Structure formats: C-alpha cells, structure tokens
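If you want the building blocks of each chain, they are given just below.
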Amino acid sequence: MTATNKRVRKAVLPVAGMGTRFLPATKAMPKEMLPVVDKPLIQYAVEECAASGIEHVIFVTGRRKSAIEDHFDVAPELERLLEERGRPEQARMVREISNGLHFSYTRQSEALGLGHAVLCAAELVGDEPFAVLLGDVIMDGRVPATRELVEIYEATGAGVVHVEQVARERLHLYGIVDPAPAQAPSTRWGDRVLPVRGLIEKPTAEQAPSNLGVVGRYVLPPEIFGYLEQTQPGTGGEIQLTDALCRLAKENKLLACVYDGKTYDAGDKLGFLRATVEFGLRDVKLGAAFRAYLQGLKL
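Conventions and cut-offs
Residues numbered from 1 in each chain as written. Predicted model: local features only at pLDDT ≥ 70, side-chain atom pairs only at ≥ 80, totals over all residues. Heavy atoms only, no water. Helix = DSSP H or I, 4+ residues; strand = E, 2+ residues; numbered from the N terminus. Buried < 20%, exposed > 50% of the residue type's maximum accessible area, 1.4 Å probe, protein only. Contact = heavy atoms within 4.5 Å. 1 Å grid on protein atoms, 1.4 Å probe; cavity = no way out; pocket = protein on both sides within 12 Å on 5 of 7 lines; lining within 4 Å. Points joined across faces, edges and corners; volume = space filled by probe spheres on them. Nonpolar A, V, L, I, M, F, W, Y, C, P; charged D, E, K, R; others polar. Salt bridge = Lys/Arg side-chain N within 4 Å of Asp/Glu carboxyl O. Phe/Tyr/Trp six-rings, centres within 6.5 Å; stacked < 30°, edge-to-face > 60°. Lys NZ or Arg CZ within 6 Å of the ring centre and 35° of its normal. Polar contact = N/O pair within 3.5 Å; in protein donor to acceptor, adjacent residues only side chain to side chain. Core = buried A, V, L, I, M, F, W, Y, C linked by side-chain atoms within 4.5 Å. Patch = residues over 30% accessible without salt bridge, like charges linked within 9 Å, V, L, I, M, F, W, Y side chains within 5 Å. Areas by Shrake-Rupley, 256 points an atom, 1.4 Å probe, with all protein chains shown as cover. Lys, Arg positive; Asp, Glu negative; His and termini not counted. Charge placed at Lys NZ, Arg CZ, Asp CG, Glu CD.

Asker: When you look at the overall build of the protein chain in this model, what are you seeing that I'm missing?
Answerer: Looking only at helices and strands, one finds eleven helices and 13 strands in the protein chain. Referenced to the eigenvectors of the C-alpha coordinate spread, the extents of the protein chain come out at roughly 60 × 50 × 40 Å. Among the 299 residues that make up the protein chain, the fraction classed as buried is 47%. Across the protein chain, contacts joining residues at least 24 apart in sequence account for 76% of those joining residues at least 6 apart.

Asker: Please explain the layout of surface pockets as it appears in this structure.
Answerer: To find the voids left in a structure, one rolls a probe of water-molecule size over its atoms. A volume near 1,600 Å³ is recorded for the largest pocket. Counting residues per element, the ones that place at least two in the lining of the largest pocket are helix H5 (114-120), strand E10 (193-201), strand E11 (212-220), helix H9 (241-250) and strand E13 (261-265). Grouping the constituent residues of the lining of the largest pocket by class yields 19 nonpolar, 14 polar and 16 charged. Along the walls of the second largest pocket sit 18 residues, with Asp38, Lys39, Glu89, Arg92 and Met93 positioned nearest its centre. Those elements that provide at least two residues to the lining of the second largest pocket are strand E3 (39-40), helix H1 (41-51) and helix H4 (88-95). Here the lining of the second largest pocket is built from residues that sort into six nonpolar, four polar and eight charged.

Asker: I would appreciate a short explanation of the environment of Met93 in the present structure.
Answerer: Tracing the backbone shows Met93 in helix H4. Measuring from C-alpha to C-alpha, the distance between Met93 and Glu79 comes to 9.1 Å, with 14 residues separating the pair along the chain.

Asker: Help me understand the pattern of salt bridges, please; the structure alone is not making it clear to me.
Answerer: Between side chains of opposite charge, pairing is possible as soon as their charged atoms come close. In this structure the tally under the stated criterion is 20 salt bridges. A salt bridge links Glu89 to Arg92; its shortest N-O distance comes to 2.7 Å. Note that Glu89 and Arg92 are positioned in helix H4 at a spacing of three residues, about one turn of the helix. The class of Arg92 is partly exposed, set by a relative accessible area of 35%. Each of Arg7, Arg9, Lys10, Glu55 and Glu128 takes part in a single network of salt bridges with overlapping partners.

Asker: Explain the packing of aromatic side chains to me, please; I cannot follow it from the model alone.
Answerer: Both the distance between ring centres and the angle between the ring planes are used here to describe each pair of aromatic rings. With the rule as written, the count across this model stands at eight aromatic pairs. Between Tyr44 and Phe279 the ring centres are 5.3 Å apart and the planes differ by 75°, which places this aromatic pair in the edge-to-face class. One end of the pair, Tyr44, is in helix H1; the other, Phe279, is in helix H10 (residues 269-282), and 235 residues separate them in sequence. Phe279 sits in the buried class, given a relative accessible area of 15%. The rings of Phe59, Phe72, Phe103 and Tyr105 are connected pair by pair, giving a single aromatic cluster. When the ring centre of Tyr44 is taken as reference, the NZ or CZ atom of Lys39 above it lies at 4.6 Å.

Asker: What is the right way to read unusual backbone geometry from this model?
Answerer: Only a minority of non-glycine residues have a phi that is not negative, and only a minority of peptide bonds are not trans. Geometrically, the link from Leu23 to Pro24 is a cis peptide bond, its omega value of 5° lying close to zero. Topologically, Pro24 is positioned in the loop between strand E1 (10-14) and strand E2 (35-36). Located in the positive-phi region is Lys202, a residue other than glycine, with phi close to 50°. Position of Lys202 relative to the elements: it lies in the loop between E10 and E11.

Asker: Is there a simple way to explain the side chain of Glu148 in this structure?
Answerer: Note that Glu148 resides in helix H7 (residues 145-156). A polar contact of 2.6 Å, which involves the side chain of Glu148, links it to the side chain of Arg192. Those residues in contact with Glu148, other than ones at most four positions away along the chain, are Val143, His162, Trp189, Arg192, Cys257 and Tyr259.

Asker: Even after reading the chapter, I still don't get the nonpolar core, so can you show me in this structure?
Answerer: The tendency in soluble globular proteins is for nonpolar side chains to be buried side by side. Counting 33 residues, the largest nonpolar core has Phe130, Leu220, Ile224 and Leu245 as its most contacted members. Sort the elements by how many residues they give to this core and H9 lands first, with six residues. Beyond its immediate stretch of four places on either side in the chain, Leu245 contacts Val161, Leu199, Tyr218, Leu220, Ile224 and Leu254. The next biggest cluster of nonpolar side chains, apart from the first, holds 30 residues, and it includes Leu13, Leu101, Leu133 and Leu149.

Asker: Honestly, a nonpolar patch on the surface in this entry has me stumped. Any pointers?
Answerer: Together, Val277, Tyr293, Leu294, Leu297 and Leu299 make up an exposed nonpolar region whose accessible area comes to about 520 Å². Among the secondary structure elements, Leu299 is positioned in the segment after helix H11 (287-296). Relative accessible area serves as the criterion here: at 98%, Leu299 is assigned to the exposed category.

Asker: Got a minute to help me understand a positive patch on the surface in this structure?
Answerer: A cluster of like positive charges, contributed by Lys27, Arg63, Arg64 and Arg107, occupies part of the molecular surface. Topologically, Arg64 is positioned in the loop between strand E4 (56-61) and helix H2 (66-72). Relative accessible area serves as the criterion here: at 36%, Arg64 is assigned to the partly exposed category.

In structure tokens:
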C-alpha cells in the first residue's frame, strides 16, 4: 500500500430491492434472507467482508428489511437457550454470525437504482475508499473476492471491479467494460488486471465493447460520490453506478480484474438453485447423502 492510499475498512451492501423475481417467497421475507443450504444469502457476502479485512458493513435497506438487522444482531436469549439444552456448537454458531464486524443501516427511501443506493451510504462512508458487494451474488474462489480488489486498490490507488467472461446471449444482463490492452504484467495479478476505458450498461451483443461483464464486486475511491451526485437519472428514473464508473474510467482511475473463481448469480432463480445444489454437495454433514440422492434420481 502506498503512503497516499487509505486502507479499505468499509463495505456497502445495497439490500433495498423488492426481490420480485422470487415472489411469492419474498412477499414477507427479504430476498437476502433466503437460505442457501443453512445460511441466508446475505451472510455469504458478510463472511466475505470479514475474510477481506473489512471492519464496518453498511447496509442500504428499504421497507420490510428488518429481518436482516435482526439476523446480524446479538441474540443472548437464543444463545442461552442453546447452551442450556446442551447445544454449545449451535450457540457458538449464533454468536459468531456477526464475525466481529460493526454494522450500520441507512434507508433508500425509493428504488432509484444501484448508483442511488451507493450514494445513500455517502455520509457513513465519509472520505474513505470502500467496497460494494451485491448481496445476491456469491463469489467462490481461492482468495476472497473483495480481498483481492482491496489489495489491488491499495497497490494502485485506482478503483477496481471484478469482471468475468459472459456468453453472447447474456451480455444484455450485465454492465460490460471496454478494456484497454493489457499492459506488461508487473504485479502478481498479471494480465488479469486491465485498464478500463469505459462501460456500457446492459448493451445488445452488437453494442458490447467486449464480453467482460461486471459481476457484483467493486472497490471505489470516495470521489465516486461526487460523480454520483452529478449523474442524471436514466431509464426508469434510476441513477446508474455505471455512469459514475465511466467518469472514473475517463480519468484513468478504473481497473477491471478478471475473476479467478466461480460466480453464482443467486438473485436469479436458476443461479440460486445452482448455488444451493453445489454448496449442498460440499456440506461436510450432508454432502455424501445429498450426492447419493441426486445420483439416484430418475428423471
């Protein structure tokens, strides 16, 4: 880390969305609390924060999201009950859900886009670099995804996003980066880190400048808030984070890192099912029996 680059201590998790793709399950329960095996979806992102050196998690919430606050709050009565019933491991599990992190909550009163959600956290973030994690995306790799971006930011001082190769028929679902040619590898990330010239939000295949789509992890400098304040609402009255990232790119302050791991878009029903099956197969207690069950299915 250079003397001029501040350490990344804070992360913003936008969780104000309505979760309409999972209705009726999300009529009364936040999408982020849907369980993938035995943990709610949002817990995977929070655990990634803890594993990445983040100290302060800022949730940008909306109506009907109190279950998220309750989940990460202390539960002394539940812990005591589990201890009294001879279940110390479960008591410890409940106690460690928060991972020693500090949590703050702020409201996004209207659904005005991801850029607006990030802007809602400006006062809590202050004049510091910060991570953004989309809570319905699970990133599964050898190195925690956010930690990798934090290390790149602290080494370069540039904002950085994770990208992955996207099939042509799915380009319209992503923000697609316009990467500059890779420079001579001079860091341990080699040619996986690319300068970004610009981004296009959800382009057609013909409009897309590459096949590299942003996949829900960002580390950004605090000046992004000024760009977001100046960003005009686009389609649907939403303020797009992509527009502010383009400002960073024009100033040669944005990098893309090709993710070396597996991404699960669990905000999509099929992605959620894939995550559930694959994490279930890895479960120490359930994996073998679950695999035998799947192999025995006659469909």
